[in-house]
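A structural walkthrough
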2 protein chains.
Amino acid sequence: MADLLKGNAVIGQSGGPTCVINQSLVGVVTAIQHMPMVEHLFGARHGVRGIIEENFVDMKKIPLPTLEAVANTPAAALGSTRDKPDAEYCKRIFEVFAARDVHYFFYIGGNDSADTARIVNELADQAGYELRVFHIPKTIDNDLRVTDHCPGYGSAAKFVACALMGDDRDNASLPGVKVDIIMGRHAGWLTAASALGRTDPSDGPHLIYMPERKIDPDQMLADVDEVLKKRGRCLLAISEGIEDSEGVAWAQRIVEDGERDAHGNLQLSGSGAMGDYICQLIRDKLSVNRVRGDTFGYLQRSFAGCISPVDQAEARLAGNKAVEYAMAGNLDGSVAFKRTGNGPDYGIECVLTELSSVARDTKDLPAEYIAPNGHDVTEAFIEYALPLTGGLPQIGKLF
Amino acid sequence: MADLLKGNAVIGQSGGPTCVINQSLVGVVTAIQHMPMVEHLFGARHGVRGIIEENFVDMKKIPLPTLEAVANTPAAALGSTRDKPDAEYCKRIFEVFAARDVHYFFYIGGNDSADTARIVNELADQAGYELRVFHIPKTIDNDLRVTDHCPGYGSAAKFVACALMGDDRDNASLPGVKVDIIMGRHAGWLTAASALGRTDPSDGPHLIYMPERKIDPDQMLADVDEVLKKRGRCLLAISEGIEDSEGVAWAQRIVEDGERDAHGNLQLSGSGAMGDYICQLIRDKLSVNRVRGDTFGYLQRSFAGCISPVDQAEARLAGNKAVEYAMAGNLDGSVAFKRTGNGPDYGIECVLTELSSVARDTKDLPAEYIAPNGHDVTEAFIEYALPLTGGLPQIGKLF
């Protein structure tokens, strides 16, 4: 443990927003607001870009009612960024930090953001600049390592579950094939959440395709045909990141001129192309009158009307804890959740983990959460994920 | 007023489901459940198709807790249909009604369903068969005539408003152009609801395109360019039904092999093609890095996590009132809402209107609800539509 360190602090938000990323922001601000050793808490506009452009907001001056309203609002209130700092970028960050006597840096984001925090931290060490760097996790993808789950996932999972619950009843009302494309570039966590609202084996989604299990078009068509014959309808939940048996992403085959972001990620969302392709495939090859597709897109991370209260509380806690760790003299790390109980005893506690343990690599859905047939989830997954939604609406059926 | 009529009753649900169509169903069932002059209330599976196939459920036998759970559940619990009965179809309906001593027919649906009810009623009259036919309105499109608004619209409007509220914050977090495609084949009511959550002139949606005002691609691009220059970002809410200055639907130009349903309606939803087309148009013609599109699709009518409590109560009332009108000796009609107050005094009362006054033709968004620039709504629209959502979440911002 290092000594208490007097200095200013910077906080930023990065990567794709979530419905609770502002809870973590407000968690940091409220925890630090009355701490005398931190004179200024600078909010960086649009993440690291706001640092190098010295585009800051004095967060200590924001009234509590505003902060509380912001906490309940989706997306990054400070603005986000997709920038990934290189050595030159980081050098500029240090110059700004030194000029402004900044010795605490809180960065809310996913694995790319943890990597950014790690790089900034290493460069600070090399430069002999005393900087305490804390990463606060967020991602609807739920694919960060170490932590039991990620703030942001519970609300996105709730959105997906509520969408499939209604869509299953819609599909039962006007039977046919319905294809729902769900976010998740490499990991099937969010697509798996499509199963959370099922109450009966006849309920959809009847087929759940996740990137962790390869699937070829012929096999998918055979699966749909089997469900159609059994149930007269078929609801599919498909991850945007599914790959064929050769390991090539379906989306890559479909979108020829795939846009890539600064981290080299293929841009899969914000287009209905994949859903349309799969619908056309089913129309062409199977005898079914009604085939429809929806691509849930950005609503999954930003919908204002259906946020998990559990997710909100946990994201706030993660922000609070980052400050607590920093003030307790820790030099750096990422806040992680450890589950203390499940079912009615559901609970978490926070632990601090090394930045490098979260940066870069991600965590796939483990085998124990994927059904042996490869196109469904297990009961163990439901037990894992359901508490994170804070509860789902009750569904009533006549049949 | 006719005499009290002893006989069985039939209830059915038709057309595209909504989040509260089951409230109206349960409103009819609970109102009729203990009436001795109606021995059986037959629930027709999948609307008129369930009648000719004699696929019925005895609704009086369903326990109240099941009914209450069904009422809170989106989509048609009895199943829906797109069938539009012709003379032969109606003849079969009469045969079934006569064989089963059915003298009350309650049909929940939109303008197509009102037309179905009207045709069945006329054929019953011609055949000298005593039938009391009541239409209960539902449609997320809100385009039925006579009634102040339609059950189903308030929940869909709430979904669209919540989506845009979050999406506006997302777009502010990672600036660029975002295109949201919203349901509404001929009328802009639902697209207009995208404005309900705005709290500030800088909030999106910055451009709202409704079918009531023609728009050409060049004009849309000029509008987007102007917003981008002013705000550095642009959020668009676009009805799937917009038409160019020649009166041709954009979707028609895009989707060459447009699927049509039995009523001759072009199938616009269940495809991301229109959103993708508009995004590509903006990418090609304007200098902007980030362009994304979402097509809200079926979530607008079926999302289980964000239903308007006002809409729920009113849909239930409409079901109750249909029975009340029937038992009071009315021969036929459609239940309509009349607004009794607005703002904090918001309220409605039910009136009975002729089937022919609701059947077939629809109601566009009136000129007083569309801004003079043609791509926004007026304050009068906000005052009209906001109470129907039952309230929206509070949004907090730092900027």
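Check the entry above for the structure.
Residues numbered from 1 in each chain as written. Chains lettered and ligands numbered in written order. Predicted model: local features only at pLDDT ≥ 70, side-chain atom pairs only at ≥ 80, totals over all residues. Heavy atoms only, no water.

1. What to know about helix α5 (residues 111-126) of chain A
All names here are of chain A. For α5, with 16 residues, the first-to-last C-alpha span of 22 Å sits near the 22 Å given by 1.5 Å per residue. Of all 16 residues in α5, 12 are buried; the element is thus mostly enclosed. Among all positions in α5, only Asn111, Ser113, Ala114, Asp115, Thr116, Ala117, Arg118, Ile119, Val120, Asn121, Leu123 and Ala124 are buried. Of the surrounding elements, those touching the buried residues of α5 are α2 (48-52), α4 (87-99), β4 (102-109), β5 (132-137) and β10 (332-341). (Helix = DSSP H or I, 4+ residues; strand = E, 2+ residues; numbered from the N terminus. Expected span 1.5 Å × (residues − 1). Buried < 20%, exposed > 50% of the residue type's maximum accessible area, 1.4 Å probe, protein only. Contact = heavy atoms within 4.5 Å.)

2. Quick look at the relation of the copies chain A and chain B
Between chain A and chain B, which share one sequence, the superposing operator has a rotation angle of 180° and an axial displacement of 0.0 Å; the RMSD is 0.0 Å. One copy is carried onto the other by what is essentially a two-fold rotation axis. Closest approach to the rotation axis within chain A is made by the C-alpha atom of Gly272 of chain A, at a distance of 2.1 Å. Counting the interface residues of chain A, we find that 100% of their copies in chain B are interface residues as well, pointing to one common contact surface. (Least-squares fit on C-alpha atoms with pLDDT ≥ 70 in both.)

3. Looking at the interface of chain A and chain B
Contacts between the two partners involve 67 residues from chain A and, on the opposite side, 67 residues from chain B. Both faces combined, the contact of chain A with chain B buries some 4900 Å², and carbon together with sulfur accounts for 60% of it. The interface formed by chain A and chain B contains two salt bridges. Asp170 of chain A is paired through a salt bridge with Arg301 of chain B; the nearest N and O atoms lie 2.8 Å apart. Counting the contacts that link chain A with chain B gives 20 residue pairs in polar contact (both at pLDDT 80 or more). Here the side of chain A that touches chain B takes 10 residues from helix α6 (residues 153-173) of chain A, the largest share from any one element. For the side of chain A that touches chain B, a count of residues per class yields 30 nonpolar, 23 polar and 14 charged. (Buried area = accessible area lost by both parts, 1.4 Å probe. Salt bridge = Lys/Arg side-chain N within 4 Å of Asp/Glu carboxyl O. Polar contact = N/O pair within 3.5 Å; in protein donor to acceptor, adjacent residues only side chain to side chain. Nonpolar A, V, L, I, M, F, W, Y, C, P; charged D, E, K, R; others polar.)

4. Considering helix α5 (residues 111-126) of chain B
In this fold, the buried residues of α5 of chain B make contact with α2 (48-52), α4 (87-99), β4 (102-109), β5 (132-137) and β10 (332-341) of chain B. Backbone geometry just after α5 of chain B places Gly128 of chain B at a positive phi near 65°.

5. A word on the side chain of Thr73 of chain A
Mapped onto the fold, Thr73 of chain A is located in the loop between α3 (64-71) and α4. On the accessibility criterion, Thr73 of chain A (1% relative accessible area) is buried. Setting aside anything within four residues of it in sequence, one finds Thr73 of chain A in contact with Cys19 and Asn22 of chain A together with Arg169, Gln394, Ile395 and Gly396 of chain B.

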